[in-house]
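# Breakdown of the fold
Residues per chain are reported as follows:
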Amino acid sequence: AEEYVLTAQLLAPSLSARTRMLILCNPSNPTGAAMSREQLESLAALLRRPEHEHILILSDEIYERITYDMEHVSFAALDGMRERTLTINGMSKAYSMTGYRLGYLAAPSPIVKAAARLQGQ
């Protein structure tokens, strides 16, 4: 990827009718690469195309508070992406609670309910 950042141009050839989910880590570990709003908008535009409207996005934003040179933009905040994005995040990185493993999922209700059934054992 360009400067360790996924671009729509690089992603497009890999998407097909069989693609079910894009896993997006932003900011990324271990490179520290963070995507700008413009870069995220470019990916969202690609995913808004009718042939890609079935693809869900798993957005790992655990490092969102450890960005210093740009504003963090959540993928779910982009136009048309909230209904398709599963945002995972937590407190361990941002608040130096590495041993606690506290996290959360923000996603459409049916997905959250299914995850709660699995997690609730």
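Structure first, text after, so check above.
Residues numbered from 1 in each chain as written. Predicted model: local features only at pLDDT ≥ 70, side-chain atom pairs only at ≥ 80, totals over all residues. Heavy atoms only, no water.

## Description of unusual backbone geometry
Here asparagine 26 and proline 27 are connected by a cis peptide whose omega angle stands at -5 degrees. Along the chain, proline 27 falls in the loop between strand E1 (21–25) and helix H2 (37–48). The omega torsion of the bond from asparagine 29 to proline 30 falls at 15 degrees, within 30 degrees of zero and hence cis. By the element assignment, proline 30 lies in the loop between E1 and H2. One non-glycine residue, serine 96, lies in the positive phi region at around 50 degrees. Tracing the backbone through its elements, the reader meets serine 96 in the loop between strand E3 (85–90) and strand E4 (103–106). Of note, the phi angle at arginine 101 is positive, near 55 degrees, even though the residue is not glycine. (Helix = DSSP H or I, 4+ residues; strand = E, 2+ residues; numbered from the N terminus.)

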